[in-house]
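If you want the building blocks of each chain, they are given just below.
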Amino acid sequence: MKNIWMLFILGAGILTVSCSAEKKEILIGQSQEIVQEQAAESEEDSDDGEESGDSGEKKATVWVDVCGAVKKPGVYELEEDSRVFQAIEAAGGFSEDADALWLNQAAILSDGEKIQVYTLEETQAMKDQGIVSSEEEKAASEEENEKININEASVDELQDIPGIGEVRAQAIADYREEAGGFKSIEDIQEVPGIKGKTFEKIADYITVE
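Residues numbered from 1 in each chain as written. Predicted model: local features only at pLDDT ≥ 70, side-chain atom pairs only at ≥ 80, totals over all residues. Heavy atoms only, no water.

A. Region of the structure containing the overall build of the protein chain. Along its length, the protein chain carries seven helices and five strands. Sequence-ordered secondary structure for the protein chain, helices as α and strands as β, is α-β-β-α-β-α-α-β-α-α-α-β. In the protein chain, of all internal contacts separated by at least 6 residues, the share reaching a separation of at least 24 is 42%. (Helix = DSSP H or I, 4+ residues; strand = E, 2+ residues; numbered from the N terminus. Contact = heavy atoms within 4.5 Å.)

So, in structure tokens, the structure goes:
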């Protein structure tokens, strides 16, 4: 009987030690998981910090001097690739007497640029002196370089060719109808009165395409 009790006590002791060891293993496992989770959270926080740092970087800027017919003339700092109209807005907008059409408001600004806004009176005085805005000059240049299609132009339009009057314009139209059109600008020399020097004068103003 005594031996039986000794065996029972010994078994209970072994079971207690086993359970304690198992509990210790469970606690160690849980601790490792907690440490891993904390490390992962720390890494995420670090990534978030880097991302927020990147988004906080200041964009490149340009400085422009806006003067003349605006409400608040001065030097302004704007984001790179800003447009002229944004510089005008920064300066409070055009004054009542400003000639807003004189400027190309869609142009991209460059660092150190000076934007001069003229009044209507000033631009009119410049026009009287033969000075035109860059936009008007560009439009005039394009108009001058526009060639007349001698296969499609009407008699009135043909008279826009330098040196071509009503009689020659009609002759060009008549020949075009008889010949079925011009294959090249040189063919216009088949029209009576348009040869040699006359052709040389109009060659740069005509096309067949």
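B. View of the confidence of the model for the protein chain. Across the protein chain, the average pLDDT comes to 78, with 67% of residues at or above 70. Long-range and interchain partners of residues 14-29, a stretch whose pLDDT sits below 50, account for zero contacts in this model, where long-range means more than four residues apart. (pLDDT = per-residue confidence, 0-100.)

C. Just the sheet that holds strand 3 (residues 114-117), in detail. Strands sit in the order 2-1-3 across an open sheet of three strands; the sheet is mixed. Looking at the sheet topology across the chains shown, the edges are occupied by strand 2 (74-79) and strand 3. If you compare each strand with its neighbour and ignore which way they point, the axes differ by 30° on average. Where strand 1 (residues 61-68) lies against strand 2, six bridges are found, and the strand directions are antiparallel. Each bridged residue has a counterpart across the sheet, and for V64 the counterpart in strand 2 is Y76. (Pairing = 2+ DSSP bridges. Axes fitted to C-alpha atoms, helices over the stretch in contact; angles between N-to-C directions.)

D. Focus on helix 6 (residues 166-179). Over its 14 residues, helix 6 runs 20 Å from end to end, which matches the ideal 20 Å to within 8%, given 1.5 Å per residue. Residues of helix 6 that are buried: A169, I172, A173 and R176. For helix 6, the arc enclosing every buried residue in end-on projection is 95°, short of the 170-degree limit, so these residues lie on one face. Residues of helix 6 that are exposed and angled more than 90 degrees away from the buried face: V167 and E178. Turning to helix 6, the residues buried within the fold contact helix 5 (155-158). Immediately beyond the C-terminal end of helix 6, within one or two residues, lies G180, with a positive phi of roughly 80°. (Expected span 1.5 Å × (residues − 1). Buried < 20%, exposed > 50% of the residue type's maximum accessible area, 1.4 Å probe, protein only. Arc of directions from axis to C-beta.)

E. Spotlight on a negative patch on the surface. Side chains of E96, D97, E121 and E122 sit close together on the surface and give a patch of like negative charge. Note on placement: D97 falls in the loop between helix 2 (84-90) and strand 3. (Patch = residues over 30% accessible without salt bridge, like charges linked within 9 Å, V, L, I, M, F, W, Y side chains within 5 Å. Areas by Shrake-Rupley, 256 points an atom, 1.4 Å probe, with all protein chains shown as cover. Salt bridge = Lys/Arg side-chain N within 4 Å of Asp/Glu carboxyl O. Lys, Arg positive; Asp, Glu negative; His and termini not counted. Charge placed at Lys NZ, Arg CZ, Asp CG, Glu CD.)

F. Just the nonpolar core, in detail. L158, I161, I172 and I188 are the most contacted members of the largest nonpolar core, which has 17 residues in total. Listed by contribution, the elements that provide at least two residues to this core are helix 6 and helix 7 (197-202). If we skip the residues at most four places from it in the chain, I172 touches L158, I164, F182, I188, V191 and I194. Counting 15 residues, the second-largest nonpolar core is a separate cluster that includes V62, V66, L78 and I115. (Core = buried A, V, L, I, M, F, W, Y, C linked by side-chain atoms within 4.5 Å.)

G. Structural detail: the packing of aromatic side chains. Enumeration according to the criterion identifies two aromatic pairs in this entry. Pairing W102 with Y118 gives two aromatic rings, centres 6.3 Å apart and planes at 80°, and the pair type is edge-to-face. One end of the pair, W102, is in the loop between helix 2 and strand 3; the other, Y118, is in the loop between strand 3 and helix 3 (120-128), and 16 residues separate them in sequence. Classification of W102 as buried rests on a relative accessible area of 10%. (Phe/Tyr/Trp six-rings, centres within 6.5 Å; stacked < 30°, edge-to-face > 60°.)

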